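# Geometric and topological summary
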Amino acid sequence: MNTDKIPTVTLRKGKEESLKRFHPWVFSGALTHMPSAEELEEGTVVKVLSHDGRLMGTGHFQIGSIAVRMLAFPDKDGKCPQIDASYFRTRLAEAYNLRRTLGLSRPDNNAYRLVHGEGDFLPGLVVDVYDDTAVIQAHSVGMHYARDIVAEELTRLPDAGISNVYYKSETTLPFKASLDPHNQYIIGSYKGNVAVENGLKFNIDWLRGQKTGFFVDQRDNRSLLEKYAYGRKVLNMFCYTGGFSVYAMRGGALSVDSVDSSAKAIALTEANINLNFPDDTRHRSYAEDAFKYLERIEKGAYDLMVLDPPAFAKHRSALDNALRGYKRLNAKGIEKIAHGGILFTFSCSQAVTKEQFRLAVFSAAAMTGRKVRILHQLHQPADHPVNIYHPEGEYLKGLILYVE
Ligand code: SAH
């Protein structure tokens, strides 16, 4: 391919600074002219030029406030690689090597995030691996068009053992782009859905479940919970697949109660408990609203609690409401937990900073008047790396509180 044929977009004067610092997004307002979909097809690879014609990098073009998602920056000679199969092969191999370095791809752990968008220098692409199946989510039009190449290269990764690739982007692509994506296998087919995380088995429902079927991002925090679970009465609120519950069971909890408003989530939780602890009577589950449940329980009924709600703020506009939601939820949890109780509380809203979340939890604690100390400050695990030039990639935060 002749790289001169690649379409270009040009930055306004003074707008090249963030690209010099490898920020992976170009906002539409930074361009001298924002092309329409007729002028430049969405998803096309474009060269980004400075106002005086220097190559600043290449990326996927899209209509929207983020106009270009950067895929490559110039090397020492000022050249960018072509965005072809070999480009994806290199990036995916780098991503896999990191996961291997982290010790995540091993016989007793085969569930992990292989590609975390900007954190793996592949903006718009998420890939989770469950044993021999990879689940791809495209968040950009360009990655939607690249899906077949990505799938092919995933199965060619030496040692990763991926033989099935499921594409799941019906809800993650911009509706306006009219791509009509279908969730389907690109390579291989359904061959069972049990994956292992730290030696615990999980049924992963990528066909019908939320996101790619499982929240791999809580792996380290679940392990930490296991260490605190011995002899405790555990409440896992917003349990989804019951990840925290299964770890609490292994950790020797006295009892584990899982709550989720979705009956489907409760069914998944029960299946996962049965997979690991058949006939264990310590576990009970409730398909119920979190706030109603916390309202009706006795004070002191639990001495280890997990509050891991869905993102209350999907966008900045919802921030105030979200912070009020976190405050209300945590106030209820802190009010109801037993003396000497341990509370794991999380926010996965990207729009909420860790300072804002901590302030919301502080206000919640103050409302109850109880003595509260922070034992740990939690975040997303290393297979969800944060590109240092893209702090927006930090989204999961949590606190472990000791409540007297
Ligand atoms: N803790 C889980 C992930 C939680 S995802 C894990 O480790 O995998 C958020 C969950 O909250 C979803 O399963 C959703 O069904 C549930 N949920 C959303 N609103 C709720 C509410 N008001 N009450 C109870 N559960 C709710």
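## Regarding the pairing of strand β5 (residues 66–72)
Burial within β5 is extensive, with 7 of its 7 residues counted as buried. Note that strand β4 (residues 55–61) and β5 share 4 bridges and pair antiparallel. Residue pairing in the sheet places His-60 in a bridge with Arg-69 of β5.

## Points about the nonpolar core
If you look at the biggest cluster of nonpolar residues, it comprises 34 residues, and the most contacted ones within it are Leu-114, Ile-136 and Leu-154. Of all the secondary structure elements, the ones that give two or more residues to this core are β5, α2 (85–101), β6 (111–116), β7 (125–130), β8 (133–138), α3 (141–145), α4 (147–156) and β9 (164–167). With 5 residues, α2 is the single largest residue contributor to this core. The next biggest cluster of nonpolar side chains, apart from the first, holds 33 residues, and it includes Val-135, Ala-195, Phe-202 and Leu-224.

## Examining the packing of helix α6 (residues 243–250) against helix α7 (residues 263–276)
At their nearest, the axes of α6 and α7 sit 9 Å apart, and the two run at 30° to each other. In terms of orientation, α6 and α7 fall into the roughly parallel class. Viewed along their axes, α6 and α7 form a crossing whose handedness is right-handed. Two secondary-structure elements touch here, α6 through Ser-245, Val-246 and Met-249 and α7 through Asn-272, Ile-273 and Asn-276.

## A look at the domain arrangement of the protein
Looking at the protein, the domain boundaries give domain 1 (3–72), domain 2 (85–196) and domain 3 (215–403). Centre-to-centre separation of domain 1 and domain 2, based on C-alpha positions: 25 Å. Listed as interface residues are 11 residues of domain 1 and, on the opposing side, 12 residues of domain 2. Carbon and sulfur atoms supply 60% of the area buried between domain 1 and domain 2, which totals about 920 Å² over both sides. It is His-60, Gln-62 and Leu-71 that lose the most area in domain 1 upon contact with domain 2, and together they represent 46% of the buried surface on that side.

## Observations regarding the environment of Leu-55
Secondary-structure assignment places Leu-55 in strand β4. The partly exposed category is assigned to Leu-55, whose relative accessible area is 25%. Considered as a pair, Leu-55 and Cys-80 are 25 residues apart in the sequence and their alpha carbons are 8.5 Å apart. Here Leu-55 is in contact with Lys-47, Val-48, Leu-49, Pro-74, Gly-78 and Cys-80, once residues within four sequence places are set aside.

## Remarks on unusual backbone geometry
In this structure, Asn-198 is a non-glycine residue whose phi angle is positive, near 45°. Inspection of the secondary structure assignment puts Asn-198 in the loop between β11 (194–197) and β12 (200–203). Among the residues examined, Asn-198 registers a relative accessible area of 18% and is labelled buried.

## Re the layout of surface pockets
Of the pockets and cavities examined, the second largest pocket occupies roughly 370 Å³. For the second largest pocket, the lining is made up of 22 residues, of which Thr-353, Lys-354, Glu-355, Glu-394 and Lys-397 are closest to its centre. Put simply, the parts of the chain that give the lining of the second largest pocket at least two residues each are α10 (354–368), β18 (372–379) and β19 (397–403). The greatest single-element share of the lining of the second largest pocket, amounting to 5 residues, is contributed by α10.

## Points about the state of the cysteines
Counted under the stated rule, the structure contains 0 disulfides. We note that Cys-348 lacks a disulfide partner, and the nearest cysteine sulfur, in Cys-239, lies 15 Å from it.

## Things to note about the pattern of salt bridges
Per the stated rule, a full pass over the model turns up 21 salt bridges. A salt bridge links Glu-153 to Arg-156; its shortest N-O distance comes to 3.4 Å. Highlighted residues: Glu-153 and Arg-156, both in helix α4, separated by 3 residues, approximately one helical turn. The exposure class of Arg-156 is partly exposed, given its relative accessible area of 48%. Close ionic contact of Asp-220 with Arg-219 constitutes a salt bridge, the shortest N to O distance being 4.0 Å. Classification of Asp-220 by relative accessible area gives partly exposed; the value is 42%. Salt bridges sharing common partners tie together Arg-89, Glu-152, Glu-153 and Arg-156.

Basis of the calculations
Residues numbered from 1 in each chain as written. Predicted model: local features only at pLDDT ≥ 70, side-chain atom pairs only at ≥ 80, totals over all residues. Heavy atoms only, no water. Buried < 20%, exposed > 50% of the residue type's maximum accessible area, 1.4 Å probe, protein only. Helix = DSSP H or I, 4+ residues; strand = E, 2+ residues; numbered from the N terminus. Pairing = 2+ DSSP bridges. Core = buried A, V, L, I, M, F, W, Y, C linked by side-chain atoms within 4.5 Å. Axes fitted to C-alpha atoms, helices over the stretch in contact; angles between N-to-C directions. Parallel < 35°, antiparallel > 145°, perpendicular 65-115°, else oblique. Left-handed = near helix turned anticlockwise from the far one by under 90°. Contact = heavy atoms within 4.5 Å. Domains from an automatic or database assignment. Buried area = accessible area lost by both parts, 1.4 Å probe. 1 Å grid on protein atoms, 1.4 Å probe; cavity = no way out; pocket = protein on both sides within 12 Å on 5 of 7 lines; lining within 4 Å. Points joined across faces, edges and corners; volume = space filled by probe spheres on them. Disulfide = S-S within 2.5 Å. Salt bridge = Lys/Arg side-chain N within 4 Å of Asp/Glu carboxyl O.

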